[in-house]
Amino acid sequence: MTKYNTLAKSFHWLSAIMVIGLFAAGYWMVDLSYYSEWYQTAPHWHKSFGLCFVLITLGRLIWKLISNAPKIEGSAFEKKAATYAHYLVYILLFTMFLSGYLISTADGRGIAIFNWLEVPGLGSFIENQEDLAGQVHEYAAYVLIGLSSLHALAALKHHFINKDNTLKKML
């Protein structure tokens, strides 16, 4: 196998768009004042897209388990680093999903997804849950965007320096 299949590519690029978009929105939202017209709207959209991203990620993981993928190219170190980086990306994503849920539902209210349906809230489990989960969410977001940037740079390195098929497999 020399390329990823269409569904794997779609999951990859949709995930990339979601990570960048949700990071940018989250970064922008923290400076919104109570009087901003976006104060209520932006978090609603951020949560809605975040919960859709949970489903996309679960679908991606299932597809990854049941489909074939091309072999990782590069040195032994690069192959090991790529494997661990992919595991870390999924750990960070699920850390983001869980911490976002814990922030949003600490008061017991559910999370409306585009006002179509609601994910129920379970309330607070620990004191200052929303603050602690908020810190985890923020730090995980920075690590995730950093790791995603490193991932993109590694793909460009493989393409322009190693001149191998790594980037072309995902295009």
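Scroll up for the structure.
**Student:** Explanation requested: the nonpolar core in the structure shown.
**Tutor:** Among soluble globular proteins, nonpolar side chains are generally buried collectively. Val19, Phe53, Leu93 and Leu144 are the most contacted members of the largest nonpolar core, which has 17 residues in total. Within the residue set of this core, elements represented by two or more residues are α1 (6-29), α2 (41-66), α3 (76-104) and α4 (129-162). Leave out the neighbours within four places in its chain, and phenylalanine 53 touches Ser15, Met18, Val19, Leu22, Leu93 and Phe97. Among the nonpolar cores identified, the runner-up in size contains seven residues, and Leu102, Ile111, Ile113 and Phe114 belong to it.

**Student:** Mind showing me how you'd approach the environment of serine 10 here?
**Tutor:** Inspection of the secondary structure puts serine 10 in helix α1. In this structure serine 10 comes out as partly exposed when scored by relative accessible area, which is 38%. There is a polar contact of 2.9 Å between the side chain of serine 10 and the backbone oxygen of threonine 6.

**Student:** Where do I start with α2 in this structure?
**Tutor:** Note on helix geometry: an α-helix contains 3.6 residues per turn, so any two residues three or four positions apart are oriented the same way. If you check α2, its first and last C-alpha atoms are 38 Å apart, about what 26 residues at 1.5 Å a residue would give, namely 38 Å. Those residues of α2 lying buried are Ala42, His46, Ser48, Gly50, Leu51, Phe53, Val54, Ile56, Thr57 and Arg60. Buried residues along α2 sit against α1, α3, β1 (111-113), β2 (117-119) and α4.

**Student:** I'm lost on the pattern of salt bridges in this one. Help?
**Tutor:** Side chains that differ in sign of charge can pair as their charged atoms come close. Under the definition given, this model contains three salt bridges. Between glutamate 73 and lysine 169 there is a salt bridge, and its shortest N-O distance comes to 3.5 Å. Of this pair, glutamate 73 sits in the loop between α2 and α3 while lysine 169 sits in the segment after α4; the two residues are 96 residues apart in sequence, bridging distant segments of the chain. Glutamate 78 is the salt-bridge partner of lysine 157, the closest N and O atoms lying 2.5 Å from each other. Taken together, the positions of lysine 157 in helix α4 and glutamate 78 in helix α3 put the pair 79 residues apart, joining distant regions of the chain.

**Student:** Explain the packing of aromatic side chains to me, please; I cannot follow it from the model alone.
**Tutor:** For the structure on display, the rule yields eleven aromatic pairs. Each member of the aromatic cluster is reached from another via a ring pair, and the members are Trp45, Phe49, Phe114 and Trp116.

**Student:** Sorry if this is basic, but what is going on with α4 here?
**Tutor:** Between its terminal C-alpha atoms α4 stretches 47 Å, which fits the 50 Å expected from 34 residues at 1.5 Å a residue. Buried within α4 are the following residues: Gln129, Ala133, His137, Ala140, Ala141, Leu144, Ile145, Leu147, Ala155 and His158. Contacts made by the buried residues of α4 are with α1, α2 and α3. Backbone geometry just downstream of α4 places lysine 163 in the positive-phi region, at approximately 55°.

**Student:** Just checking my understanding: could you explain unusual backbone geometry for this structure?
**Tutor:** Both trends apply: most residues other than glycine have a negative phi, and most peptide bonds are in trans. One non-glycine residue, asparagine 128, lies in positive phi territory at about 60°. Here asparagine 128 lies in the loop between β2 and α4. According to the relative accessible area criterion, asparagine 128 is partly exposed, its value standing at 45%. Phi angles above zero are rare outside glycine, and lysine 163 is one such case at about 55°.

**Student:** Just checking my understanding: could you explain the packing of α1 against α4 for this structure?
**Tutor:** A packed helix pair is summarised by two numbers, namely the angle formed by the two axes and the spacing between the axes. Orientation of α1 relative to α4, taken along the N-to-C sense of each, is 135°, at an axis distance of 11 Å. Our classification of the angle between α1 and α4 gives oblique. For the crossing formed where α1 meets α4, the hand is left-handed. The segment α1 lies against α4, with His12, Val19, Ile20, Phe23 and Tyr27 engaging Ala141, Tyr142, Leu144, Ile145, Ser148 and His151. Among the residues making up the contact of α1 with α4, the classes are represented as eight nonpolar, three polar and no charged.

About the criteria used
Residues numbered from 1 in each chain as written. Predicted model: local features only at pLDDT ≥ 70, side-chain atom pairs only at ≥ 80, totals over all residues. Heavy atoms only, no water. Core = buried A, V, L, I, M, F, W, Y, C linked by side-chain atoms within 4.5 Å. Buried < 20%, exposed > 50% of the residue type's maximum accessible area, 1.4 Å probe, protein only. Helix = DSSP H or I, 4+ residues; strand = E, 2+ residues; numbered from the N terminus. Contact = heavy atoms within 4.5 Å. Polar contact = N/O pair within 3.5 Å; in protein donor to acceptor, adjacent residues only side chain to side chain. Expected span 1.5 Å × (residues − 1). Salt bridge = Lys/Arg side-chain N within 4 Å of Asp/Glu carboxyl O. Phe/Tyr/Trp six-rings, centres within 6.5 Å; stacked < 30°, edge-to-face > 60°. Axes fitted to C-alpha atoms, helices over the stretch in contact; angles between N-to-C directions. Parallel < 35°, antiparallel > 145°, perpendicular 65-115°, else oblique. Left-handed = near helix turned anticlockwise from the far one by under 90°. Nonpolar A, V, L, I, M, F, W, Y, C, P; charged D, E, K, R; others polar.

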